Amino acid sequence: MSGAALPGCRFCSRPLEHVFVDLGTTPLANSFVDPEGAAEAEPRYPLRAYVCDGCLLVQLPEHSSREEIFGGDYAYFTSVAETAREHAEAYVREMVERFGFDGGSRVIEVASNDGYLLRYFRDRGIPVLGIEPAPNVARAAVEAGIPTRVEFFGVASARALAAAGERADLLLGNNVLAHVPDLNDFVAGLAIALAPGGVLTVEFPHLTRLVEGNQFDTIYHEHFSYFSFATARRVFAEHGLEVFDVAELPTHGGSLRVFARHAGERTPPVGPAVAELAGREERAGYGELAVYRSFQERVRETKRKLLDFLRAAKAEGRAIAAYGAPAKGNTLLNYCGVGRDVIDYTVDLSPHKQGRLLPGTRIPIEPPARIAETRPDLLFILPWNLRDEIARQMAGIREWGGRFFVAIPEVEVWG
């Protein structure tokens, strides 16, 4: 970045001088291409993540606006994934049992997607409200009977809720914290929208799991920030929210569910998991820059190994198809330069993706039935966090000797 002003940290504003990982230039990971537009060039943006030497927030500069990412025909519908539905139902059950939410409570979800989670509260007779920026996704929620406001959440929308007497007894945001470019506005909004005595839960991929699991493909332009527990606590504290508990989850390759309340409230008390996880991160080196600086070479080695595997498979005459059209898969394929010369097509359950092309690589997206029709030798599971679910769904490939493989954390083949 010689000759250009360094971007500033979106939390503490310090200049970002240290590169965490550089994945080249890629298109937006969820900007799928319609076949009639296949001849048109896509905008590509640097995919270079930095780590702040002040607060240690890992982040991408904002190359595309939130309106560009979420304001059009957004293709990600959470309810498509069976594991996401199961996770949501278990979450609702835990919140009701632990905190006693009932018909007199108000539950608000920020980035509520298609209402996949709120419907489980609604079915228990608990009033709900969703806030979702993608109009087409919010429309699906409304059609499913989930009241939903179409807007980007922040201080302005939180003040509107408070003025209307609609602050939340349970305020939740799952897999949204990484998506907000104005982090301080968003978290300040959470503090305003949370009722006195209310509980906030926020789920996000855990940075330590990203590093230790070599999950570089979870970095894409729609994700602006990547959080360690220590940095997340610091962000919440800055806006008057105290973390009182934390749970480690298997979702998305390893996530955290952080529980917070207004600072100064005595209940719920701060539990032992908070100090335990904070201490574990510190001992693993996440309070220093060295662990962040070592990540780039591991990523390069993964790319080399994947390309060696694919070259050998094609040299042997094997047909390769992929399963899934997730954002993480598009980061992986674009960074590694894997296109239609290697992968014939991919399949996806979402009808919103079928018939379109992956961004950058232009690999066509087909319905899952295409696998049985063409009988590929190898099936590349791009959403590796759903590998077991997908392997169960596609178990029929074993009938013709087909095998599965993933590339993260390293190339692994089974069948």
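Below is a short write-up of the structure.

Rules and cut-offs
- Residues numbered from 1 in each chain as written.
- Predicted model: local features only at pLDDT ≥ 70, side-chain atom pairs only at ≥ 80, totals over all residues.
- Heavy atoms only, no water.
- Helix = DSSP H or I, 4+ residues; strand = E, 2+ residues; numbered from the N terminus.
- Contact = heavy atoms within 4.5 Å.
- Phe/Tyr/Trp six-rings, centres within 6.5 Å; stacked < 30°, edge-to-face > 60°.
- Buried < 20%, exposed > 50% of the residue type's maximum accessible area, 1.4 Å probe, protein only.
- Lys NZ or Arg CZ within 6 Å of the ring centre and 35° of its normal.
- Salt bridge = Lys/Arg side-chain N within 4 Å of Asp/Glu carboxyl O.
- 1 Å grid on protein atoms, 1.4 Å probe; cavity = no way out; pocket = protein on both sides within 12 Å on 5 of 7 lines; lining within 4 Å.
- Points joined across faces, edges and corners; volume = space filled by probe spheres on them.
- Nonpolar A, V, L, I, M, F, W, Y, C, P; charged D, E, K, R; others polar.
- Pairing = 2+ DSSP bridges.
- Right-handed = clockwise from strand over helix to strand, strands pointing away.
- Axes fitted to C-alpha atoms, helices over the stretch in contact; angles between N-to-C directions.
- Parallel < 35°, antiparallel > 145°, perpendicular 65-115°, else oblique.

**Notes on the side chain of His-87**
In step 1: Take His-87: it is sitting in helix H2 (residues 82–99).
In step 2: Dropping the residues within four chain positions of it, His-87 is found in contact with Glu-203, Leu-249, Thr-251 and Arg-257.

**As for the packing of aromatic side chains**
In step 1: One pass over the structure, following the stated rule, counts 14 aromatic pairs.
In step 2: Measuring from ring centre to ring centre gives 6.3 Å for Tyr-91 and Phe-121, while their planes differ by 85 degrees; the resulting arrangement is edge-to-face. In this pair, Tyr-91 is assigned in helix H2 and Phe-121 in helix H3 (residues 118–122), connecting sequence segments 30 residues apart. Note on accessibility: Tyr-91 and Phe-121 belong to one class, buried.
In step 3: Taken together, Phe-20, Tyr-286, Tyr-292 and Phe-295 form an aromatic cluster joined through their ring pairs.
In step 4: Lying over the aromatic face of Tyr-335, Lys-303 brings its terminal NZ or CZ to 4.6 Å of the ring centre.

**Thoughts on the pattern of salt bridges**
In step 1: Applying the stated criterion across every chain yields a total of 19 salt bridges.
In step 2: Taking the shortest distance from any N to any O, the salt bridge between Arg-280 and Glu-248 comes out at 2.7 Å. Here Glu-248 lies in strand S10 (residues 241–249) and Arg-280 lies in helix H9 (residues 272–283), a separation of 32 residues in the sequence.
In step 3: With its nearest N and O atoms 2.8 Å apart, the salt bridge here joins Glu-301 to Arg-304. Linking Glu-301 with Arg-304, this pair stays in helix H11 (residues 295–315), spanning three residues, or about one helical turn.
In step 4: Residues joined in a network through salt bridges with shared partners are Glu-297, Arg-300, Glu-301 and Arg-304.

**Brief notes about empty space enclosed by the protein**
In step 1: Scanning the entire structure with this criterion turns up three cavities of 30 Å³ or more.
In step 2: As a volume, the largest cavity reaches approximately 60 Å³.
In step 3: Ala-178, Phe-204, Pro-205, Leu-210, Thr-218, His-223, Ser-225, Tyr-226 and Phe-227 together form the lining of the largest cavity.
In step 4: For the lining of the largest cavity, the per-class residue count stands at six nonpolar, three polar and no charged.
In step 5: There is about 40 Å³ of room inside the second largest cavity.
In step 6: Taken together, Thr-26, Pro-27, Ala-29, Tyr-220, His-221, Asn-330, Thr-331 and Asn-334 form the lining of the second largest cavity.
In step 7: Broken down by element, the lining of the second largest cavity gets its largest block of residues, three residues, from helix H12 (residues 327–336).
In step 8: Tallied by class, the residues present in the lining of the second largest cavity amount to three nonpolar, five polar and no charged.

**Overview of unusual backbone geometry**
In step 1: The amide bond that connects Thr-267 to the next residue, Pro-268, takes the cis arrangement and shows omega of -10 degrees.
In step 2: One can find Pro-268 in the loop between strand S11 (255–262) and H9.
In step 3: Here the bond from Ile-408 into Pro-409 is cis, since omega is 5 degrees, no more than 30 degrees from zero.
In step 4: Of note, Pro-409 is situated in the loop between strand S16 (403–406) and strand S17 (412–414).
In step 5: One non-glycine residue, Ser-13, lies in the positive phi region at around 75 degrees.
In step 6: Structurally, the position occupied by Ser-13 is in the segment before strand S1 (18–26).
In step 7: Even without a glycine there, the phi angle at Asn-175 is positive, about 55 degrees.
In step 8: Here Asn-175 falls in the partly exposed class, since its relative accessible area comes to 26%.

**What about helix H6 (residues 183–193)?**
In step 1: Most of H6 is tucked away, with eight of its 11 residues classed as buried.
In step 2: Every buried residue of H6 is listed here: Leu-183, Phe-186, Val-187, Ala-188, Gly-189, Leu-190, Ala-191 and Ala-193.

**Some remarks on the pairing of strand S7 (residues 168–174)**
In step 1: Among the seven residues that make up S7, six are buried, leaving the element largely enclosed by the rest of the structure.
In step 2: Sheet topology note: the strand S4 (residues 107–110)/S7 ladder contains three bridges and is parallel. Residue pairing across strands places Glu-109 opposite Leu-172, the latter belonging to S7.
In step 3: By the bridge criterion, six bridges tie S7 to strand S8 (residues 194–205) in an arrangement that is parallel. Paired with Asn-174 across the strands is Glu-203, a residue of S8.
In step 4: The parallel pair S7 and S8, bridged by H6, forms a crossover whose chirality is right-handed.

**With respect to the packing of helix H5 (residues 155–163) against H6**
The axes of two packed helices give the description: the angle between them and the distance between them.
In step 1: Between H5 and H6, whose axes approach to 8 Å, the crossing angle comes to 10 degrees. What the angle tells us is that H5 and H6 run roughly parallel. Across the interface between the two elements, Val-155, Ala-158, Arg-159, Leu-161 and Ala-162 from H5 touch Asp-185, Ala-188, Gly-189, Ile-192 and Ala-193 from H6.
In step 2: Residue composition of the contact of H5 with H6, grouped by class: seven nonpolar, one polar and two charged.

Any functional reading would require information beyond the geometric quantities listed.
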